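Residue strings, one per chain:
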Amino acid sequence: MKLIFLGAPGAGKGTHAKAVSEKLDIPTISTGNIIREAIKQETMAGLKARAFVEKGRLVPDGIVIEMLKERLSANDCENGYILDGFPRNTAQAEALDSMGVVIDRVLDLEVEDHVIEERLTGRRVCESCGASYHVVYNPSLKGDHCAECGGRLITRPDDAPEVVKDRLRVYHEQTEPLKGYYKALGKLFVAVGADEVSETTRRVFEALEAKAP
Ligand code: ADP
Ligand code: ZN
């Protein structure tokens, strides 16, 4: 099963992708995490990507597509995967097509902008494993440390309020048109985000199990 999770930054793609990933036993591939890791390791691609990420812009397609290709060639991708944060524009969707990747379903997670802004500015992420928390809505049981791995929880530089506004603008301009792209292929399934994480997870599974149109 090959899935794409589509939705604004902070819509909760990562959280719900994790639930689906565990149930279907396929990995979640987050280009955001891959890029942050490259920045941390100061690889050539990471050094090029850094300024774009910090400004809330998209990293140039060539760089991200190369990273993704490499990741998809790993053994654990044989039985499928969930793409979280890729594709983010039409050129990237076309790159997937030309790689011969056939996507089964695209899960569009709908959350309003004002909710996104509140979530992202309160988000804390684990420096070591990338797990995501929220100071109010989803605090870690271990306080400033990750409940899963004990890593330190930090605020991402791109979760600063001004940068969040830019990321949302980029989302609406460049990523949202992908809904039309996949809808035309009959692959788009929508889940509307709820206040409760568990309710949203239920809606995500419902959308993934729904009959195709
Ligand atoms: P979010 O979805 O919360 O914005 P991500 O972790 O998915 O966070 O991405 C963080 C940043 O990494 C993005 O703002 C962007 O700069 C970069 N990035 C991630 N995925 C892509 C992609 N597919 N194409 C271009 N840039 C990307
Ligand atoms: Zn962790």
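Structure: see above.
Residues numbered from 1 in each chain as written. Chains lettered and ligands numbered in written order. Predicted model: local features only at pLDDT ≥ 70, side-chain atom pairs only at ≥ 80, totals over all residues. Heavy atoms only, no water.

1. Remarks on the packing of aromatic side chains
- For the coordinates displayed, the defined rule picks out 1 aromatic pair.
- When the centroid spacing of 5.0 Å and the interplanar angle of 75° are considered together, the rings of Y181 and Y182 count as edge-to-face.
- With relative accessibility at 2%, the residue Y182 sits in the buried group.
- Across the ring face of F205, the terminal group of K23 is positioned such that the distance to the ring centre comes to 4.7 Å.
- In this structure, R105 packs its charged tip against the face of F189, placed 3.8 Å from the ring centre. (Phe/Tyr/Trp six-rings, centres within 6.5 Å; stacked < 30°, edge-to-face > 60°. Buried < 20%, exposed > 50% of the residue type's maximum accessible area, 1.4 Å probe, protein only. Lys NZ or Arg CZ within 6 Å of the ring centre and 35° of its normal.)

2. Let's talk about the packing of helix α2 (residues 31-41) against helix α4 (residues 61-72)
- At a closest axis distance of 10 Å, the pairing of α2 and α4 adopts a crossing angle of 105°. Put simply, α2 runs roughly perpendicular to α4. Between α2 and α4, the residues in contact are T31, I34, I35 and A38 and V64, M67, L68 and R71, respectively.
- Split into classes, the residues belonging to the contact of α2 with α4 amount to 6 nonpolar, 1 polar and 1 charged. (Axes fitted to C-alpha atoms, helices over the stretch in contact; angles between N-to-C directions. Helix = DSSP H or I, 4+ residues; strand = E, 2+ residues; numbered from the N terminus. Parallel < 35°, antiparallel > 145°, perpendicular 65-115°, else oblique. Contact = heavy atoms within 4.5 Å. Nonpolar A, V, L, I, M, F, W, Y, C, P; charged D, E, K, R; others polar.)

3. Examining the coordination of the zinc ion (ligand 2)
- At the metal site, the zinc ion (ligand 2) is ligated by C126 (SG), C129 (SG), C146 (SG) and C149 (SG), and these contacts range over 2.3 to 2.4 Å.
- Note that the zinc ion (ligand 2) binds 4 donor atoms; their angles at the metal cover 98 to 115°, and the shape is tetrahedral.
- Expressed as a motif, the donor residue spacing for the zinc ion (ligand 2) is C-x2-C-x16-C-x2-C. Remark: C146 occurs in the loop between β6 (132-134) and β7 (153-154) and C126 occurs in strand β5 (residues 123-126); sequence separation between them is 20 residues.
- The buried category is assigned to C146, whose relative accessible area is 0%. (Donors = N, O, S within 2.8 Å, 3.2 Å for Na, K, Ca; no water. Tetrahedral: all angles 85-135°; square planar, octahedral: opposite > 155°, others 65-115°.)

4. With respect to helix α9 (residues 197-209)
- Here α9 spans 18 Å end to end across 13 residues, near enough to the 18 Å set by a 1.5 Å rise per residue.
- Of all the residues in α9, the buried ones are T200, T201, V204, F205, A207 and L208. Buried residues of α9, seen end-on, are gathered within an arc of 160° and therefore sit on one face of the element. Summarising the geometry of α9, the exposed residues directed more than 90 degrees from the buried face are S198 and E209.
- Tucked inside the fold, the buried residues of α9 contact β1 (2-7), α1 (13-24), β4 (105-110) and β8 (188-192). (Expected span 1.5 Å × (residues − 1). Arc of directions from axis to C-beta.)

5. What to know about the site of ligand 1
- Close contacts around ligand 1 come from 20 residues, with T31, R36, R57, Q92 and R167 the closest.
- At 2.9 Å, a backbone N or O of G85 approaches a nitrogen atom of ligand 1.
- Taking R88, its side chain carries an N or O atom lying 3.1 Å from an oxygen atom of ligand 1.
- Here the element with the most residues in the shell around ligand 1 is α2; it accounts for 4 residues.
- Counted by class, the shell around ligand 1 contains 7 nonpolar, 5 polar and 8 charged residues. (Near = heavy atom within 4 Å. Polar contact = N/O pair within 3.5 Å; in protein donor to acceptor, adjacent residues only side chain to side chain.)

6. Structural notes on the pairing of strand β3 (residues 81-84)
- Taking every second residue as pointing to the same face, both faces of β3 are buried, with Y81 and L83 on one and I82 and D84 on the other.
- Taken together, the 4 bridges between β1 and β3 define a ladder with parallel strand orientation. Paired with L3 across the bridge in β3 is I82.
- Bridge count between strand β2 (residues 28-30) and β3: 3 bridges; the pairing is parallel. Along β3, the bridge assignment pairs S30 with D84. (Pairing = 2+ DSSP bridges.)

7. Quick notes on the sheet that holds β4
- Pairing is parallel across the open sheet formed by 5 strands, whose spatial order is β2-β3-β1-β4-β8. The strands lining the two open edges of the sheet, one partner per strand, are β2 and β8. The mean angle between the axes of side-by-side strands here comes to 25°, regardless of whether they run parallel or antiparallel.
- Pairing geometry for β1 and β4, over 5 bridges, is parallel. If you follow G7 over to β4, its bridge partner there is L109.
- Set on the sheet, α1 makes contact with β1, β2, β3 and β4; between it and β1 the angle comes to about 165°.
- Across the face of the sheet, α2 comes into contact with β2 and β3 while running at roughly 55° to β2.

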